[in-house]
Amino acid sequence: MTKARENSDYTGLAADIAAGDTAARAGRKNLFINGGCQVGQRGNVALSNSAVKYGACDRWGMYPNVSNTHSATSSQATVTWSESGNAIGWTAVTTVQAGLMLTRQFIESSNVRHLTGKKLTCSFKVFHDVGADVSVNVLTLKPNSKDNFASTTDLTSNTMIATAASGVVTEVSYTWPNALTAADCVNGFCVTIQLSTSTSVTNKNFYVADLQLEEGSVATDFEHRSYGEILADCQRYYQVYGGTAYATIASGFQPNSTNAKFHLSYMQEMRAVPS
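As a starting point, this report considers the structure included with it. Treat the numbers as computed from the prediction; the structure is a model and nothing was measured.

**Considerations on the pattern of salt bridges**
Side chains that differ in sign of charge can pair as their charged atoms come close.
Line of reasoning, step 1. Per the counting criterion, the structure on display carries seven salt bridges.
Line of reasoning, step 2. Among the ionic pairs, Asp210 bridges to Lys125, the shortest N-O distance being 3.1 Å. Here Asp210, found in strand 12 (residues 204–215), pairs with Lys125, found in strand 7 (residues 120–128); they are 85 residues apart in sequence, far enough to count as distant. Both residues of the pair, Asp210 and Lys125, count as buried.
Line of reasoning, step 3. Put simply, Asp233 and Arg225 hold a salt bridge, and the shortest N to O gap is 2.8 Å.

Structure below.
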């Protein structure tokens, strides 16, 4: 027979929690999906001016906001300076004038409803080889209807939070100045990270890594998760069929010489009907 847990054990656990023992409060804290940039189902993609494209690292929409001619690629990079060993980058960037490199992630309303009355803190690392310093900004938007980001309202102003020197890793953190209201959380929100240059660049690279968005007013250690967990989260939004990982994607039958019928199952339940 298993001995019942003593009351003193519960008292000790309560004391641990009251003292802020993080081990006693274990749980998922990073609101970003794929903040470690491990999952990249699409591969690297060429970027277009002011047009958000998904590629390189799943869940991160990327675009340069640069007038006139430019070229850039979104890349999933292997680096030595991030805890995950990966980063998302705007690589081989060439512009004819100063510009902005932006990445953003939409966060579903169902994942932020509990944040009413709480503060948020965002942290990440920046690396670039531009030469001159690059300014780092954060902007947060909320959709005007649930999980529909076609029309949005500023939740916070576009705020410069740091400058990043060339050739060194800059660790950045930003805490939203006000606690979130119920109206802020009811429809979800979008966090945009922006790196801006003061001059044109030629064949330069910008990277961000170890991206974390969490409840509270202090940036804590980066949360490590397994590749399988993150892949499953990413597949809620995008799934790839075929290739070596999924050599057999469906089974079915051919009733005649011109038609075939087969059943295709999603690997994860998707957020919406896929296109």
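Here the narrative resumes.
**What about the sheet that holds strand 6 (residues 100–107)?**
In any sheet, the strands associate via hydrogen bonds between backbone groups, in a parallel or an antiparallel arrangement.
Line of reasoning, step 1. Read across the sheet, six strands follow the order 2-3-6-11-8-9 without closing on themselves; strand pairing throughout is antiparallel. The open sheet has two edge strands with one neighbour each: strand 2 (53–54) and strand 9 (148–164).
Line of reasoning, step 2. Strand direction decides the pairing type here: strand 8 (residues 134–145) and strand 11 (residues 189–196), joined by seven bridges, are antiparallel. Residue Val136 lies in a different strand from strand 11, and its bridge partner there is Leu195.

**Structural notes on the layout of surface pockets**
Line of reasoning, step 1. Taken as a whole, the second largest pocket holds about 540 Å³ of empty space.
Line of reasoning, step 2. Along the walls of the second largest pocket sit 20 residues, with Arg59, Arg236, Tyr237, Tyr238 and Arg271 positioned nearest its centre.
Line of reasoning, step 3. Taken together, the residues of the lining of the second largest pocket break down into eleven nonpolar, two polar and seven charged.

**Description of the sheet that holds strand 5 (residues 86–95)**
Line of reasoning, step 1. On the basis of which strands lie adjacent, the open sheet formed by six strands has the order 1-4-5-12-7-10 and antiparallel pairing. Two strands close off the open sheet at either side, each with one partner strand: strand 1 (45–46) and strand 10 (170–175).

About the cut-offs
Residues numbered from 1 in each chain as written. Predicted model: local features only at pLDDT ≥ 70, side-chain atom pairs only at ≥ 80, totals over all residues. Heavy atoms only, no water. Salt bridge = Lys/Arg side-chain N within 4 Å of Asp/Glu carboxyl O. Helix = DSSP H or I, 4+ residues; strand = E, 2+ residues; numbered from the N terminus. Buried < 20%, exposed > 50% of the residue type's maximum accessible area, 1.4 Å probe, protein only. Pairing = 2+ DSSP bridges. 1 Å grid on protein atoms, 1.4 Å probe; cavity = no way out; pocket = protein on both sides within 12 Å on 5 of 7 lines; lining within 4 Å. Points joined across faces, edges and corners; volume = space filled by probe spheres on them. Nonpolar A, V, L, I, M, F, W, Y, C, P; charged D, E, K, R; others polar.

Functional significance is not addressed by these values, which are geometric in nature.
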